[in-house]
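# Analysis of the macromolecular model
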Amino acid sequence: MTSAPAPSPDAASPRPREGTLVAAVLVASLIGAVVAFQGRVNGDLTAAGAGLVVASWFSYLGTLLTVATILLVTGRTRHTVALLRERASWWWFAIGLTGIPLVLSMAGGIPLVGIAIASVGAVAGQTVAGLGFDARGIGREVPLPLTVRRALAGLVALCGLGIAVVASGHVEASAWTVAGIGLALFGGGALLCIQTSGSGYLTGVTGGPFIPALTTAIGGMVGITAVAAVSWSVGGLDGMTLPDAGRWYLYLGGPLGAAITVLTAWAVPRLGVFTLTLSVVGGQMLVSIMLDAQRTGEIPWPTVAAAAVVCAAVTLAMPRKITAA
């Protein structure tokens with residue numbers, strides 16, 4: 001990510017007032033809630049007959065169409081096209097590919113292990129990767145050193161993932177399946193940090209979150225279309241069926257993804273990758289547990305324990321005083 005000229009600190013990472021920081025934390029918590037709902041919608045579409053790849057393809061298509069519609073309605077189309085022609089680099093689009101593993105893992109894993117356990121895996125990956133990104137100053141104006149306290153927070157988050165995997169006897173999937181899904185979600189969460197930090201940088205470069213949302217959606221759409229094409233060529237889409245119009249809500253993963261992308265691009269320059277991830281955790285875990293309880297009528301203790309351990313990691317790693325990214 002070196003081909004685009006770096007903006008000055010004042011232009012790219014303005015130091016927000018305390019009220020703006022509080023707003024950014026609240027927005028990040030909202031992102032977490034939307035992530036949980038998107039995972040549920042995409043998982044239900046997968047289970048309804050669309051399959052993992054097609055459900056993910058519809059999610060990316062919906063995200064791209066939603067962002068494009070917003071740009072069109074707000075009259076930003078001409079400015080966006082001109083800016084992309086003059087300044088866009090290949091990596092503006094390529095970072096959208098790093099979100100595909102998490103989308104696929106969430107859509108395929110949630111029907112098997114539930115939203116809360118899936119969220120623990122994704123959050124653990126984002127937490128550990130966020131530590132490294134902030135230590136290198138990626139997504140922040142000022143790097144955050146990898147202190148013992150922050151490293152311990154990452155280890156505690158990994159313990160939460162371990163609890164979810166080892167004590168997952170309440171799910172129908174085998175322990176090996178749960179472990180595999182957990183590792184896939186961990187890796188997907190870690191890769192997502194590349195997109196998060198890149199979107200934050202582009203927000204400073206372009207002056208707003210909508211162009212980063214558009215370029216990452218385009219890159220992701222190209223990537224998931226390639227995955228779908230390969231899957232179709234080997235017969236992986238045989239027997240796929242789509243829910244009818246009466247279940248239209250199963251196709252809302254795309255608009256929810258657009259909200260996540262735009263809000264993340266706005267919040268990460270203000271909070272940094274790691275702090276953003278920590279702020280997302282609260283909303284994500286709370287809504288995940290509520291959705292699992294609504295689906296099964298109960299909340300198994302491993303889910304609660306895993307969520308509690310991850311939240312403890314959040315508390316441990318949260319800086320004593322929030323600073324601007």
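Fair warning: this is a prediction, and the values are worked out from it, not measured in the lab.

### Things to note about a nonpolar patch on the surface
Judged by side-chain polarity, Val128, Leu152, Leu155 and Leu158 come together as a nonpolar surface patch covering roughly 310 Å² of accessible area. Top element by residues in the nonpolar patch is helix 7 (residues 148–166). It accounts for three residues. Within the fold, leucine 155 resides in helix 7. Its relative accessible area of 51% is what places leucine 155 among the exposed residues.

### Some details on empty space enclosed by the protein
Taken as a whole and assessed by the stated rule, the structure comprises two cavities of 30 Å³ or more. Approximately 600 Å³ is the volume attributed to the largest cavity. Around the largest cavity, the lining comprises 32 residues; the ones closest to its centre are Gln38, Leu102, Leu192, Gln195 and Ile260. Residue contributions to the lining of the largest cavity peak at eight residues, all from helix 2 (residues 18–73). Of the residues that constitute the lining of the largest cavity, the class distribution is 15 nonpolar, 17 polar and no charged. Taken as a whole, the second largest cavity spans an internal volume of roughly 30 Å³. Lining the second largest cavity, in full, are Asn42, Leu45, Ala55, Phe58, Ser59, Leu250, Tyr251, Leu252, Gly253 and Gly254. The set of elements that each furnish at least two residues to the lining of the second largest cavity consists of helix 2 and helix 10 (253–271).

### Quick word on the confidence of the model for the protein
Averaged over every residue, the pLDDT of the protein is 79; the share at 70 or more is 83%. Per-element averaging of pLDDT across the protein places helix 1 (residues 9–12) at the bottom with 38 and helix 4 (residues 90–94) at the top with 94. Counting interchain partners and residues more than four positions distant, the pLDDT-below-50 stretch residues 1–16 has 28 contacts.

### Looking at the side chain of asparagine 42
Mapping asparagine 42 onto the fold places it in helix 2. Exposure remark for asparagine 42: the relative accessible area of 4% places this residue in the buried category. When residues no more than four places from it in sequence are discounted, the contact partners of asparagine 42 are Ala55, Ser59, Ala107 and Gly253.

### Some words on the side chain of threonine 80
Among the structural elements, threonine 80 can be located in helix 3 (residues 77–87). The residues contacting threonine 80, other than those within four sequence positions of it, are Leu71, Ile211 and Leu214.

### Some thoughts on the packing of helix 3 against helix 9 (residues 210–233)
Close contact between helix 3 and helix 9 brings their axes to 11 Å; oriented N to C, the two are set at 65 degrees. By the angle between their directions, the pair helix 3 and helix 9 is classed as roughly perpendicular. In this structure, the crossing between helix 3 and helix 9 has a hand that is right-handed. Listed contacts from helix 9 to Thr80, Leu83 and Leu84 of helix 3 are Ile211, Leu214 and Thr215. Partitioned by chemical class, the residues of the contact of helix 3 with helix 9 number four nonpolar, two polar and no charged.

### Overview of helix 8 (residues 175–206)
Helix length check: helix 8, at 32 residues, gives a terminal C-alpha distance of 46 Å against a target of 46 Å (1.5 Å per residue), a fit within 8%. Of the residues flanking the end of helix 8, it is glycine 207, one or two places downstream, whose phi is positive at about 85 degrees.

### What about the packing of helix 8 against helix 10?
Two numbers describe how helix 8 lies on helix 10: the axes approach to 8 Å, and their chain directions differ by 80 degrees. Taken together, the axis directions place helix 8 and helix 10 in an arrangement best described as roughly perpendicular. From helix 8, Thr196, Ser199, Gly200 and Thr203 reach across to helix 10, where they touch Thr264, Ala265, Trp266, Val268 and Pro269. Partitioning the contact of helix 8 with helix 10 into residue classes produces four nonpolar, five polar and no charged.

### Some remarks on the pattern of salt bridges
Where side chains of opposite charge bring their charged atoms close, a pairing between them can arise. Inspection of the entire model under this criterion finds one salt bridge. The partner of arginine 40 in a salt bridge is aspartate 44, and the shortest N-O contact between them spans 3.1 Å. Of this pair, arginine 40 and aspartate 44 both sit in helix 2, four residues apart, which is roughly one turn of the helix. Judged by relative accessible area, arginine 40 falls into the buried class, the value being 15%. With a relative accessible area of 30%, aspartate 44 lands in the partly exposed category.

### Side note on the environment of arginine 87
Among the secondary structure elements, arginine 87 is positioned in helix 3. Sequence separation of arginine 87 and valine 205 is 118 residues, and the distance between their C-alpha atoms is 9.6 Å.

The rules behind the values
- Residues numbered from 1 in each chain as written.
- Predicted model: local features only at pLDDT ≥ 70, side-chain atom pairs only at ≥ 80, totals over all residues.
- Heavy atoms only, no water.
- Patch = residues over 30% accessible without salt bridge, like charges linked within 9 Å, V, L, I, M, F, W, Y side chains within 5 Å.
- Areas by Shrake-Rupley, 256 points an atom, 1.4 Å probe, with all protein chains shown as cover.
- Salt bridge = Lys/Arg side-chain N within 4 Å of Asp/Glu carboxyl O.
- Helix = DSSP H or I, 4+ residues; strand = E, 2+ residues; numbered from the N terminus.
- Buried < 20%, exposed > 50% of the residue type's maximum accessible area, 1.4 Å probe, protein only.
- 1 Å grid on protein atoms, 1.4 Å probe; cavity = no way out; pocket = protein on both sides within 12 Å on 5 of 7 lines; lining within 4 Å.
- Points joined across faces, edges and corners; volume = space filled by probe spheres on them.
- Nonpolar A, V, L, I, M, F, W, Y, C, P; charged D, E, K, R; others polar.
- pLDDT = per-residue confidence, 0-100.
- Contact = heavy atoms within 4.5 Å.
- Axes fitted to C-alpha atoms, helices over the stretch in contact; angles between N-to-C directions.
- Parallel < 35°, antiparallel > 145°, perpendicular 65-115°, else oblique.
- Left-handed = near helix turned anticlockwise from the far one by under 90°.
- Expected span 1.5 Å × (residues − 1).

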